[in-house]
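Structure at a glance
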Amino acid sequence: MAMTLEEAPWLGWLLVKALMRFAFMVANNLVAIPSYICYVIILQPLRVLDSKRFWYIEGIMYKWLLGMVASWGWYAGYTVLQSNLLIQSPILMQTFECLLCVRYCAGGWEYSGKQNNIVPVLKKFTVMEWGEDIKAVSKDEAVMLVNHQATGDVCTLMMCLQDKGLVVAQMMWLMDHIFKYTNFGIVSLVHGDFFIRQGRSYRDQQLLLLKKHLENNYRSRDRKWIVLFPEGGFLRKRRETSQAFAKKNNLPFLTNVTLPRSGATKIILNALVAQQKNGSPAGGDAKELDSKSKGLQWIIDTTIAYPKAEPIDIQTWILGYRKPTVTHVHYRPFSLTVFPCERPQPLATTLQRIFPIKDVPLETDDLTTWLYQRFVEKEDLLSHFYETGAFPPSKGHKEAVSREMTLSNMWIFLIQSFAFLSGYMWYNIIQYFYHCLF
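First, a word on what this report is: a plain description of the structure on this page. These numbers come from a predicted model, not from an experiment.

Another point: the overall build of the chain. A tally of helices and strands in the chain yields twelve helices and eleven strands. A burial count over the chain gives 51% of its 438 residues as buried. For the chain, the share of sequence-separated contacts (at least 6 apart) that also reach a separation of at least 24 residues comes to 73%. A total accessible area of about 22,000 Å² is found for the chain, and carbon and sulfur atoms account for 60% of it.

Okay, the environment of Ile 299 next. Within the secondary structure, Ile 299 is located in strand 8 (residues 296-305). Residues Ile 299 and Ile 354, spaced 55 residues apart in sequence, show a C-alpha to C-alpha distance of 5.6 Å.

Despite not being glycine, Lys 308 shows a phi value in the positive range, around 60°. Its location among the elements puts Lys 308 in the loop between strand 8 and helix 10 (314-319). Notably, Ala 309 is not glycine yet its phi reads approximately 55°, a positive angle. Its location among the elements puts Ala 309 in the loop between strand 8 and helix 10.

Let's shift gears to the nonpolar core. Met 144, Leu 157, Leu 161, Trp 173 and Trp 225 are the most contacted members of the largest nonpolar core, which has 57 residues in total. With eleven residues, helix 3 (residues 51-76) is the largest single contributor of residues to this core. Residue contacts for Trp 173: discarding those within four places in its chain leaves Tyr 62, Leu 66, Val 154, Leu 157, Met 158, Asp 193, Phe 194 and Val 227. Counting residues in each nonpolar core, the second largest holds 27 residues, with Val 143, Tyr 218, Ala 264 and Ile 268 among its members.

So, how was this worked out
Residues numbered from 1 in each chain as written. Predicted model: local features only at pLDDT ≥ 70, side-chain atom pairs only at ≥ 80, totals over all residues. Heavy atoms only, no water. Helix = DSSP H or I, 4+ residues; strand = E, 2+ residues; numbered from the N terminus. Buried < 20%, exposed > 50% of the residue type's maximum accessible area, 1.4 Å probe, protein only. Contact = heavy atoms within 4.5 Å. Areas by Shrake-Rupley, 256 points an atom, 1.4 Å probe, with all protein chains shown as cover. Core = buried A, V, L, I, M, F, W, Y, C linked by side-chain atoms within 4.5 Å.

Structure, rendered in C-alpha cells:
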C-alpha cells in the first residue's frame, strides 16, 4: 500500500523516534554493563570475606539492570491506561487532535479517532496481572514454567517481577546459549544464569551440565527462583514439529502452545526439592526440614497472552515502533494451593497457577504427563483469551479481575542516573590509571 501525504510526517517521526530510542539503548548499555562489571571486580574481596553479602549486592545491581530493560518497554508504551476527555469547542478539538498525534508519536500513545468530540486518550503500554498475587510466595523457592512466543516474553517477565521483592535479584534464568554472545551475556554469566544448547544431539550432555550448574551455583549464590521455558523454543518455530509428534504418539493437538519437554524440569526438581527423612519431597507447607533451606516449594505456571496472538519481540521493545498494546500477566491459583482465589482478565497476558511442590510428581513418566496436562490447560486458557479478550474467571467468581503492574518513574530515573554517573566515574578512574601507567 502506497504511503499517503498525511502519513509521511507521522512515519518520519516514527523513524526519528526509533533512532533516538536505539541511540539511548546503546548508551545505556555502554555505561550500565561495564559499570556492573567494574563493581563486581572491585567487590571480589567481599566475595571471599562474606559471600552471601557479595551475591546480595550483585543481585541488587542485576535487578537494576533488568529494570532498565523493563523501562524501555514501559516508556515505549507497552501498557494500557484509558481515559476519555470531553472537548466542547470544535477549534480546541482540532488543536487537541494535532497535539495528540505528536504525543502518540513521541510517547507511544495510540489515537483511534474521535466520536462526538470524545477523544480516547489511550493506551500507554503496560503489564496487567491476573489471578494469584505471587508476592505471597516471593520469599520461597519457586520455578516459573512459562510458555514462549517471542523474545518479548523475557522483557515482560523482567517488568512484571520488578515489584516482587528480591525475586529478580535472586532469580536464575535458563535461556538459549545464543544469548551468551549478546551484550547482556557477560552479566548473565556473572549472575549465574544457565545457557542451554538446543538439539537432540546435545540434550543428554546439557542436562548433565544443568545439574552440575545447579549444584555449584544455585545455593552458593542464594538463588530462589528459576525461570524455565519448557517448550524449548518459540511457538512459531516448534508448533509444526510438536503437532507432528502429538499426532504420531496420540497426544493432545495444540495450536497456541507446544508440548513441553520434561528433561530440564526433572533435573531442577530432583536437584532442588528438599528431601525429608522418609525420602518424600517436602512441600510448600512442610513444617520442619533438616537443612537450613526448605528447598524448592512452588511451581508457578505462567501463561503469557498477547492481543490477537501477536507477540512482542525485542526489536519492538527497543525501538517502540509498534502501536500500543497491553501485556497481561495472569496468575491463576488452583484449589490445591493454600492461597485465596481471585481471577483476572488480560490484553497481553501472563497467567500463573501456583502448585505446592508436594503435589508435583517427580518420576519421569508422571512428571511428563503432569506437564502435558498443564499445557493442555494453557491451550484452553489461551483459546478463551483470544476469543473473548479475557481469561475465564476462577471457580466461585463470575468474572475475572485484573490489576495493573506499574513501574515507578522516580525509581527508573534513579537507577538510570546511577548507571550514567557510574559510567562517568569508572571512565575517569580508568583514564586516570591509564595516564599514570602510560
